[in-house]
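Commentary on secondary and tertiary structure
One-letter residues, chain by chain:
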Amino acid sequence: MPRVVRLAVAQSGPIQKDERRERVVARLLAMLKQAAARRCHLVLFPELALTTFFPRYYEAERADMDRWFEAEMPGAATRVLFDTARELGIGFSLGFAELTPERRHFNTQILVDAEARIVGRYRKVHLPGHAEFEPQRAWQHLEKRYFEPGDLGFPVWRTMGGVMGMCICNDRRWPETFRVMGLQGVELVMLGYNTPTLNSMKPEETAATRMHHNHLCMQAGAYQNACWVAGCAKAGDEDGYDLMAGSCIINPDGEIVALAQTSDDEVIFHDCDLDACAFLKQTTFDFAAHRRIEHYGLISSQTGAVPPPE
Ligand code: ING
């Protein structure tokens, strides 16, 4: 019996600063119901799916940004998402800003099963950008100001018939992210992203090049770890700042098998046969047979690059 996960990637269009969570959740529910109508098992939502991408704004007082965070999950605005998903018998992965009871701040993605149980939690490890206001930038990217680096590592979970993992946005640019999950046998990596279409530090960099980087990272992660990868954007013009779309589902050969066509709320689908990971895991990427870890020490013992002396 093939282990097929009928996956929906629910790309969301822009969320404006004044858009209330209840209105956003209504948009997510509409896409969840589209997925249920297609008898999907699992729906992936974007990074920070409930709010505008608030790290583009500077606040001197960090606590003034707590209004963008969820102190409860599910909370008042999101309980309907859990309840509806349970009624429809569909699981989902949701990105949001997490405020813990100890008042710690994380950029978080959860995995919720078809009985609306939170079976997995991931906190973004690689925080891009900067912590202080940088006037030379066309816009700010203050994730290092508002979030702590994730403290859960890169776990995977055996659920929905397979081995599932998650990461978030900038994590996809670091091959270590996928490899640590690959070393745990991951078969499907789900990630959300909010990625500016243009580079605040390099205006000549084209949107096409940035989209190339986006897909390159995920396609490489999929192929080099013999797993499915699904990327879900929050896209479009938020407050005059454009976020890239390009949501996609990628097979273990690194091929894009489903791709969003718009920058709006759009659901894409694919039947992901988890057994399609097996061939590469047993041949080209049979880690146990081919890796030579005695030569890899620098990867986890050294943080920055150290070129040879002049
Ligand atoms: N956004 C971007 C991302 O990694 C970025 C930030 C863009 C960093 C392009 C480097 C280059 O996709 C988030 N939210 O991480």
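The shown structure was predicted, so the numbers you read here are calculated from the model rather than taken from an experiment.

Helix and strand counts for the protein chain come out as 8 helices and 14 strands. For a compact globule of 310 residues, the expected C-alpha radius of gyration is about 19 Å, and the protein chain comes in at 19 Å, within 12% of that figure. Dimensions of the protein chain, computed from the C-alpha atoms along their principal axes, are close to 65 × 55 × 40 Å. Long-range pairs, those at least 24 residues apart, make up 70% of the contacts in the protein chain between residues at least 6 apart in sequence.

Glancing now at the site of the ligand. Glu143, Cys169, Asn170, Arg173 and Thr195 are the nearest of the 13 residues found near the ligand. Taking Arg172, its side chain carries an N or O atom lying 3.1 Å from an oxygen atom of the ligand. Here Thr195 contributes a side-chain N or O atom positioned 2.7 Å from an oxygen atom of the ligand. Out of a free accessible area of 360 Å², the ligand has 83% covered by protein chains. The pocket occupied by the ligand, as judged from atoms lying within 2 Å of grid points, is the largest pocket. Considered class by class, the residues forming the shell around the ligand number 3 nonpolar, 4 polar and 6 charged.

What follows is about the packing of aromatic side chains. According to the stated counting rule, one finds 11 aromatic pairs in the structure shown. Where Phe45 meets Phe92, the ring centres are 6.2 Å apart and the plane angle is 65°; that geometry is what we call edge-to-face. A residue pair is termed long-range when its members are at least 10 positions apart, and Phe45 in the loop between strand 2 (42-44) and helix 2 (79-88) and Phe92 in strand 3 (residues 91-99) qualify at 47 residues. With a centroid separation of 5.9 Å and an interplanar angle of 5°, the aromatic rings of Phe54 and Trp68 are classed as stacked. A residue pair is termed long-range when its members are at least 10 positions apart, and Phe54 in the loop between strand 2 and helix 2 and Trp68 in the loop between strand 2 and helix 2 qualify at 14 residues. For the pair Phe54 and Trp68, a shared accessibility class is recorded, and that class is buried. In this structure an aromatic cluster arises from ring pairing among Phe54, Trp68, Phe69, Tyr146 and Phe147. Across the ring face of Phe269, the terminal group of Arg38 is positioned such that the distance to the ring centre comes to 3.9 Å.

What follows deals with the layout of surface pockets. If you roll a probe as big as a water molecule over the atoms, it shows you where there is empty space left. Of the pockets and cavities examined, the largest pocket occupies roughly 380 Å³. Looking at the largest pocket, it is lined by 22 residues, and the ones nearest its centre are Pro128, His141, Asn170, Pro196 and Arg210. By residue class, the composition of the lining of the largest pocket is 7 nonpolar, 8 polar and 7 charged.

With respect to the secondary-structure elements, Arg123 resides in strand 5 (residues 118-123). Of the residues examined, Arg123 reaches a relative accessible area of 11% and is grouped as buried. Of note is the side chain of Arg123, whose polar atom sits 2.8 Å from the side chain of Glu98. In this structure the side chain of Arg123 is engaged in a polar contact, spanning 3.0 Å, whose partner is the side chain of Asp151.

Conventions used here
- Along every chain, residues carry numbers that run from 1 in the direction the sequence is written.
- At least 70 in pLDDT is required for a residue's local features to be given in this predicted model, at least 80 for side-chain atom pairs to be given and counted, and no such filter applies to totals for whole chains, interfaces and linings, which use all residues.
- Working from all heavy atoms in the structure, the side-chain values ignore hydrogens and water.
- In DSSP terms, a helix is any run of H or I states spanning at least four residues, a strand is any run of E spanning at least two, and both are numbered starting from the N terminus.
- Atoms counted for the radius of gyration: C-alpha only. Globule rule: 2.2 Å times the number of residues to the power 0.38.
- Any two residues having at least one pair of non-hydrogen atoms within 4.5 Å are treated as being in contact.
- Working definition: residue near molecule or strand if any one of its non-hydrogen atoms lies within 4 Å of it.
- Contacts described as polar in this section are N or O atom pairs within 3.5 Å, which, within protein, must combine one atom able to donate a hydrogen with one able to accept it, while residues neighboring in sequence count only if both atoms come from side chains.
- In these tables, accessible area is a Shrake-Rupley quantity obtained with a 1.4 Å probe, and a residue counts as shielded only by the protein chains included in the view.
- Both site types are read off a 1 Å grid over the protein atoms alone. A 1.4 Å probe that fits but cannot get out defines a cavity, while an open set with protein on both sides within 12 Å along at least five of seven lines defines a pocket; lining residues have an atom within 4 Å of a point.
- Just a note on the criterion: a molecule sits in a pocket or cavity if more than half of its atoms are within 2 Å of the grid points.
- Three classes are used: nonpolar for Ala, Val, Leu, Ile, Met, Phe, Trp, Tyr, Cys and Pro, charged for Asp, Glu, Lys and Arg, and polar for all others, with Gly counted as polar.
- Two rings from Phe, Tyr or Trp (for Trp, the six-membered ring) form a pair when their centres sit within 6.5 Å of each other. Planes less than 30 degrees apart are called stacked, planes more than 60 degrees apart edge-to-face, and all others tilted.
- Throughout, exposure labels follow a simple rule: accessible area from a 1.4 Å probe, protein chains only, divided by the maximum for the residue type, with under 20% read as buried, over 50% as exposed, and the rest as partly exposed.
- A ring is considered to have a charge above it if a Lys NZ or an Arg CZ atom is located within 6 Å of its centre and within 35 degrees of its normal.
- Grid points are joined across faces, edges and corners, and a volume is the space filled by probe spheres set on the points.

As far as function goes, none of this settles anything; it's purely spatial.
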